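Read off the chains here:
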Amino acid sequence: MNIPTWSKSEANRWADFIELYCLHVDDHVVSVDDVLDLFSDNEIEVSGRGTKEHSSQYDTLVSHIEDYFKLMKYRFDTYSEYYPFELEDNKSIFFQQHITEKTLHYIFLLLCSSISFMDQQSRYKITHIFEEYCCPLMKTMMPPHAKTELFGTAKMNNIFEGKLRKRIEQLASLLGAQTTKTFDQDRKYNDIPGGDGGLDIVSFISLDDAPHKPIAFGQCTCSYDEWRKKQDTISYNYWHKRIAPLVPFLEYMYVPFFCRYASGQFENSSDIHTCLIDRGRILKILEIGGLFHRNDKIDIETPIMDNLENFLAI
């Protein structure tokens, strides 16, 4: 398995990597020493063994790996019903090969978080599945009379259709509003056959035919590298230039990975300016929303485990 070149400070990303590696290896067990062996050839100059510099590099790498295992211990302690792994003495992780519906959700989210290992076709497929997966999550958090729909081009979309310009016009109409002159005069929308314009999920309550309806926008991404900037694509400042009038609305950012320290608090909180729904919150919404029994849940009981290596270049 090729070792990524991510910064070792991206602790959640590396914890995901170790979990993924645990699914991949034959005995489904990974220890701190296994990860150290996996990393050391790339991280430590072999020719410098025995020197002070080599010892310092080694200690730093061990410290990082121990941090990753602390994160996995937090995941196990906090989401034990969903977590498909167990930890032994905080020094090794092993896969519980008895799959339940709840642990399958975790594996699915781990897979969605691993698009950097996928070929382009698999990446396209899994990101669209994740959008569909998030729609019932959004519906759970909205008032019971709200209508929640996919705005993009995912297969579950059954309200918005046509090219992007037409779909934005449809959205404006549903909100009792109009497209702006700036939008109408922007010819680039004439050349965009698909895409979502930065909006994946829309939820609104149609109280009457007047504008200023209560609404919420959602964006979904599986990318560790892009989620921060993608928050801007569902902002009021971004959309009021296309549709008017708009009231300030809730902005939800859905990601399949964790964005937390081992304490449970969000890491890099200054980067967050939407309601961030990370893996931890997704698992909580699944639980409180009873999505295991709802008719609109996403069926992820496709043979994920059987196709894991087909999705990932490992």
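1. Here's the deal with the overall build of the protein chain
Move 1: Scanning the protein chain for helices and strands turns up eleven helices and ten strands.
Move 2: Here the protein chain holds 314 residues, and 52% of them are scored as buried.
Move 3: Nonlocal contacts in the protein chain, meaning residues at least 24 apart in sequence, comprise 63% of its contacts between residues at least 6 apart.
Move 4: Surface summary for the protein chain: the accessible area is close to 15500 Å², and the carbon and sulfur share equals 47%.

2. Details of unusual backbone geometry
Move 1: Residues Ala-244 and Pro-245 are joined by a peptide bond in cis, for which omega reads -5°.
Move 2: Note on placement: Pro-245 falls in the loop between β8 (243-244) and β9 (250-254).
Move 3: Of note in this structure, Asn-90 is not a glycine but carries a positive phi near 60°.
Move 4: Checked against the element boundaries, Asn-90 lands in the loop between β2 (85-88) and β3 (92-95).
Move 5: Classification of Asn-90 as partly exposed rests on a relative accessible area of 38%.

3. Quick word on empty space enclosed by the protein
Move 1: Enumeration over the complete set of coordinates arrives at two cavities of 30 Å³ or more.
Move 2: Of the volumes computed, that of the second largest cavity is approximately 40 Å³.
Move 3: Taken together, Leu-175, His-212, Lys-213, Ile-215, Pro-245, Leu-246 and Val-247 form the lining of the second largest cavity.
Move 4: Looking at the lining of the second largest cavity, its residues break down into five nonpolar, one polar and one charged.

4. Examining the packing of helix α4 (residues 101-112) against helix α10 (residues 279-288)
Move 1: Across the interface, α4 lies against α10 with an axial gap of 11 Å and an inter-helix angle of 150°. Taken together, the axes of α4 and α10 lie roughly antiparallel to each other. The handedness of the crossing between α4 and α10 comes out as right-handed. On α10, the residues touching Lys-102, His-105, Tyr-106, Leu-109 and Leu-110 of α4 are Arg-279, Ile-282, Leu-283, Leu-286 and Glu-287.
Move 2: For the contact of α4 with α10, the per-class residue count stands at six nonpolar, one polar and three charged.

5. Structural notes on the pairing of strand β6 (residues 201-204)
Move 1: Burial of the side chains of β6 extends over both faces: Ile-201 and Ser-203 are buried on one face and Val-202 and Phe-204 on the other.
Move 2: Bridging between strand β4 (residues 147-150) and β6 involves four bridges; their strand directions are antiparallel. Counterpart to Thr-148 in the pairing with β6 is Ser-203.
Move 3: Here β6 pairs with strand β7 (residues 215-220) via four bridges, running antiparallel. Bridged to Ser-203 within β7 is Ala-216.

Rules and cut-offs
Within each chain, residue numbers correspond to sequence positions counted from 1 in written order. Selection of residues for local features in this predicted model requires a pLDDT of at least 70, selection of side-chain atom pairs for listing and counting requires 80 or more, and totals for whole chains, interfaces and linings are taken over all residues. Side-chain metrics rest on all non-hydrogen atoms present in the structure, leaving aside hydrogens and water. The numbering of helices and of strands both runs from the N terminus, where a helix is a DSSP run of H or I of at least 4 residues and a strand a run of E of at least 2. Under the scheme applied here, a residue whose accessible area is under 20% of the maximum for its type counts as buried, over 50% as exposed, and between as partly exposed, the area being computed with a 1.4 Å probe on protein chains only. The contact criterion used is simple: two residues touch if any of their non-hydrogen atoms lie within 4.5 Å. Surface exposure here means Shrake-Rupley accessible area, sampled with a 1.4 Å probe, where a residue is shielded only by the protein chains that are shown. Buried and open spaces are told apart on a 1 Å grid over the protein atoms alone, a cavity being a set of points where a 1.4 Å probe fits but cannot get out and a pocket being an open set with protein on both sides within 12 Å along at least five of seven lines. Residues with an atom within 4 Å of a point are the lining residues. Grid points are joined across faces, edges and corners, and a volume is the space filled by probe spheres set on the points. Residue classes follow a fixed rule: Ala, Val, Leu, Ile, Met, Phe, Trp, Tyr, Cys and Pro count as nonpolar, while Asp, Glu, Lys and Arg count as charged, and any other residue, Gly among them, counts as polar. Only the contacting stretch of a helix is used when fitting its axis, a line to C-alpha atoms as for every element, and angles between N-to-C directions run 0 to 180 degrees. Put simply, angles under 35 degrees are roughly parallel, angles over 145 are roughly antiparallel, angles from 65 to 115 are roughly perpendicular, and the rest are oblique. Definitions for this section: a left-handed crossing has its near helix turned counterclockwise from the far helix by less than a right angle. A right-handed crossing has that turn clockwise. Two strands pair under a simple rule: DSSP has to find at least two bridges between them.

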